Amino acid sequence: MTPPTPTTASETIAARLAEVRARIQAACERAGRGPSEVTLVAVSKGHPLEACAAAVAAGTPDLGENRVQEFAPKAQAAAAAGVEARWHFIGHLQTNKVRDALPHISVFHALDSTRLLEAITRETARLGDAGAAAAHPLPCYLEVNIGGEAQKQGIAPGQVGALLAAAADCPAVRVDGLMTVAPRAGDPEQVRPVFRALRELAETHGLTGLSMGMTDDFEVAIEEGATLIRVGRAIFGDRSG
Ligand SMILES: *Cc1c(COP(=O)(O)O)cnc(C)c1O
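Bear in mind that the values here come from a model prediction, so they are computed numbers and not experimental data.

The rules we used
- Residues numbered from 1 in each chain as written.
- Predicted model: local features only at pLDDT ≥ 70, side-chain atom pairs only at ≥ 80, totals over all residues.
- Heavy atoms only, no water.
- Salt bridge = Lys/Arg side-chain N within 4 Å of Asp/Glu carboxyl O.
- Helix = DSSP H or I, 4+ residues; strand = E, 2+ residues; numbered from the N terminus.
- Buried < 20%, exposed > 50% of the residue type's maximum accessible area, 1.4 Å probe, protein only.
- Phe/Tyr/Trp six-rings, centres within 6.5 Å; stacked < 30°, edge-to-face > 60°.
- Contact = heavy atoms within 4.5 Å.
- 1 Å grid on protein atoms, 1.4 Å probe; cavity = no way out; pocket = protein on both sides within 12 Å on 5 of 7 lines; lining within 4 Å.
- Points joined across faces, edges and corners; volume = space filled by probe spheres on them.
- Nonpolar A, V, L, I, M, F, W, Y, C, P; charged D, E, K, R; others polar.

Undergrad: Can you walk me through the pattern of salt bridges in this structure?
TA: Here the idea is simple: oppositely charged side chains can pair when their charged atoms come close. Throughout the structure, instances matching the rule amount to 18 salt bridges. Its salt-bridge partner being Arg 192, residue Glu 224 comes within 2.8 Å of it at the nearest N-O pair. Within this pair, whereas Glu 224 is found in the loop between α8 (218-223) and β8 (228-231), its partner Arg 192 is found in helix α7 (residues 192-204), the two being separated by 32 residues in sequence. We note that Glu 224, like Arg 192, is buried. Residues Glu 203 and Arg 199 are paired through a salt bridge, measuring 3.9 Å at the closest nitrogen-oxygen approach. Within this pair, Glu 203 and its partner Arg 199 are both found in helix α7, separated by four residues, close to a single helical turn. The structure contains a network of salt bridges with shared partners spanning Arg 30, Glu 189, Arg 192, Arg 196, Arg 199, Glu 203, Glu 223 and Glu 224.

Undergrad: It is not clear to me how the packing of aromatic side chains should be interpreted in this structure. Could you clarify?
TA: For any pair of aromatic rings, the description rests on two quantities: the centre-to-centre distance and the angle between the ring planes. Under the definition given, this model contains three aromatic pairs. Taking the centre distance of 5.7 Å and the plane angle of 70° together, the rings of Phe 71 and Trp 87 count as edge-to-face. On the criterion of sequence distance, the pair formed by Phe 71 in helix α3 (residues 68-80) and Trp 87 in strand β3 (residues 86-89) is long-range, its members being 16 residues apart. Take Phe 71 and Trp 87: they sit in the same class, and that class is buried. Grouped by ring-pair contacts, the aromatic residues Phe 71, Trp 87, Phe 89 and Phe 108 constitute a single cluster.

Undergrad: Can you help me understand the environment of Val 231 in this one?
TA: Relative to the helices and strands, Val 231 is located in strand β8. Between the C-alpha atoms of Val 231 and Val 56, which are 175 residues apart in sequence, the distance is 14 Å. Those residues in contact with Val 231 that sit more than four places away from it in its chain are Leu 40, Val 41, Ala 42, Val 43, Met 214, Thr 215 and Phe 218.

Undergrad: I would appreciate a short explanation of the layout of surface pockets in the present structure.
TA: One simple way to see leftover space: roll a probe sized like a water molecule over the atoms. Considering only enclosed or pocket space, the largest pocket measures out at about 740 Å³ in volume. Along its surface, the largest pocket is lined by 29 residues, and Lys 45, Val 181, Ala 182, Arg 184 and Met 214 are the ones closest to its centre. Residues belonging to the lining of the largest pocket are distributed by class as follows: eleven nonpolar, eight polar and ten charged.

Undergrad: Can you help me understand the environment of Ile 155 in this one?
TA: You can see Ile 155 is positioned in the loop between β5 (138-143) and α6 (160-168). For Ile 155, a relative accessible area of 6% translates into the label buried. In this structure the C-alpha to C-alpha distance between Ile 155 and Leu 142, which are 13 residues apart in sequence, comes to 7.9 Å. Residues contacting Ile 155, with those up to four places away along its chain left out, are Asp 112, Leu 142, Glu 143, Val 144, Asn 145, Val 160 and Leu 163.

Now the structure itself:
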């Protein structure tokens, strides 16, 4: 018997999540890894709170956002509505936006400067006594521009050591690993060397966390060791913006 065609947006999201989970499982099997080694972050940017609630209800509490203007009100509305999401901030964070974003962030994927580290430290101290930060210390990933693309965010591989050393002096953060956004490619096999390079760079620095892989390439990322994948379109459909 074929399952009924989903009729509502939340059923569609649940069905797509099941499909993505099956693909994660298959990629893990190919790589000899357990599916529990890979955290799926459902990237809800560009989609309304109802979509977030549907993902959480379908068993995916880890949600990703990349713009503070969209993220802060959405996270506030989610909390008010009793939607128990764990928010991953995956985009570039300007130092003047740290105040709006930090109370809602559970995992930060785009640490890319000592200035930002200082801003997070200052804001954590300010929130501190109220215990208002979402996570303390804040689990962070250093964003690395592995492909060396001019228009990409992230530090160069050679800067990882210095930023790690600076972070080690900041009790407000805990660096769990490295993150990258692979270049666009027609064939995901083309970005395999990028993921492999991130894994090797992380190993060099004694880091085990790897935030890598999106809708077009998450299976290859899993085969190369991803511990968090950030998947938007395969779960929520296309974004308008
Ligand atoms: C939007 C975004 C994603 C998700 O991209 P999809 O192609 O929709 O899966 C992942 N990571 C980052 C940093 C993003 O900005």
